[in-house]
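# Chains, contacts and geometry: an overview
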Amino acid sequence: MDIIYTDDHRLRAAKTELYGGELVPPFECPERMDFILEALKERPIGSIIAPNHYGTDIINQVHDADYLSFLDTAWDEWQAAGMKGEPIPTVWPSRSMPAPHIPAFIDGKIGYYALSSETSIAKGTIEAVHASAQVALTGADHIASGKAHHMFSLCRPPGHHASRDQYGGYCFINNAAIAAQYMRQNGAQKVAILDVDFHHGNGTQAIFYDRDDVMFLSLHGDPSDAFPHFLGYADETGYGQGEGYNINYPMPPNTPYAAWVEALDQAIASIRAYAPDSLIVSFGADTYENDPISFFKLKSDDYFDMGARINALGLPTLTVMEGGYAVKDIGINTVNFLIGLER
Ligand SMILES: [Zn+2]
């Protein structure tokens, strides 16, 4: 399995994350990629290749134009306003303000386009975000063109929390969603996205919620107890034409692999019944027992089995990197998953 990767992710090097009432160095940091690359060097699974460039057509189909232009200029506008720190939202259109205008001033705009406040937009963020999107599209192209049966898009920043017009949870452009849209435009009639990151893929769900050509399945920490808190419940099953094509498997704190894998097997059975042309796995290693911001209890060896079960579907599969923050072990667990996927 070849790996799509670019050093351009390093352009995203935010200094601050709002966590536990403090500004801390972000959990989503460039070193995450270094640990994965190091593990891939120790146990090579294929070539590491640079992304191609596919422009913005597919990105524009998945995200709103006003949101994308906000991302382009947010840092500069924040600087121009004389703000000292990195852009973090402080005010939102809440339930009591249900029909918001888009404010002109950057502080208001950030609140409009952010779904949460931990993720600061730093200098260089938008460049890294677009590079990450091309990493996803290149992987999608290899699968859609039949050049490869398995590909790994080593994306950073991640994407699955980003919706059509909101960023947060370290995500800005939804890499898995643009990969799915690319596949749909290049021969695939049906695509399934299986999200095994610890957190619910709220952005991916929202983007495809009313569609039956992209099925979305997510295994995650119960949103009642875990980020993103306001989406990812079991009763969210799709809307209109998409009814029945969104499946959530929320699970409680301390879920071990033995229980987690029961949900995985159910998800796999649903994917088999759906019979997609290709599969996208939103992979996060934050289901790991020692992840600093999550609460599942998966062990390193479990990732081999996870990959092998998904591979048994026999589908052309693009794995897209999402989260995972126990930085040292993220490499081991990610490569274990990829090795399992080729078993
Ligand atoms: Zn996550």
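These remarks concern the structure in this document. All values reported here derive from a predicted model rather than from experimental measurement. (Residues numbered from 1 in each chain as written. Predicted model: local features only at pLDDT ≥ 70, side-chain atom pairs only at ≥ 80, totals over all residues.)

With that settled, consider the overall build of the protein chain. In terms of regular secondary structure, the protein chain is built from 10 helices and 10 strands. In terms of overall dimensions, the protein chain is globule-like: its C-alpha atoms have a radius of gyration of 19 Å, near the 20 Å expected for 343 residues. Dimensions of the protein chain along its principal axes, counting C-alpha atoms only, are 55 × 45 × 40 Å. In the protein chain, buried positions account for 52% of the 343 residues. Contacts in the protein chain between residues at least 24 apart in sequence constitute 77% of all its contacts with a sequence separation of at least 6. (Helix = DSSP H or I, 4+ residues; strand = E, 2+ residues; numbered from the N terminus. Rg over C-alpha atoms; globule rule 2.2 N^0.38 Å. Buried ≥ 20, exposed ≤ 12 C-beta atoms within 10 Å, placed from the backbone. Contact = placed C-beta atoms within 7 Å.)

Right, let's talk about the nonpolar core for a bit. Formed by 97 residues in total, the largest nonpolar core has its most connected members in Leu154, Ile178, Ala179, Leu194, Ile280 and Val320. At 11 residues, the largest contribution of residues to this core is made by helix 5 (residues 125–144). Those residues in contact with Val320, other than ones at most four positions away along the chain, are Ala136, Gly139, Ser153, Cys155, Asn175, Ala176, Ala179, Ile280, Val281, Ser282 and Phe283. (Core = buried A, V, L, I, M, F, W, Y, C linked by C-beta atoms within 7 Å.)

Turning our attention to the packing of helix 5 against helix 6 (residues 175–185). When two helices pack together, their arrangement is given by the angle between the helix axes and the distance between those axes. Viewed as axis vectors pointing N to C, helix 5 and helix 6 meet at an angle of 35°, and their least axial separation amounts to 9 Å. Relative to helix 6, the crossing made by helix 5 is right-handed. Across from Ser132, Ala133, Ala136, Leu137, Gly139, Ala140, Asp141, Ile143 and Ala144 in helix 5, the residues of helix 6 making contact are Asn175, Ile178, Ala179, Tyr182 and Met183. (Axes fitted to C-alpha atoms, helices over the stretch in contact; angles between N-to-C directions. Left-handed = near helix turned anticlockwise from the far one by under 90°.)

Taken in spatial order, the 8 strands of this open sheet run 4-1-5-10-9-6-7-8, and their pairing is parallel. Single-partner strands in this sheet number two, and they are strand 4 (48–49) and strand 8 (246–251). Across 3 bridges, the pairing between strand 1 (residues 2–4) and strand 5 (residues 150–153) is parallel. In the sheet register, Ile4 faces strand 5, and the bridge partner there is Ser153. Lying on the sheet, helix 10 (residues 327–341) is in contact with strand 5, strand 9 (278–283) and strand 10 (317–321); it crosses strand 10 at an angle near 175°. (Pairing = 2+ DSSP bridges.)

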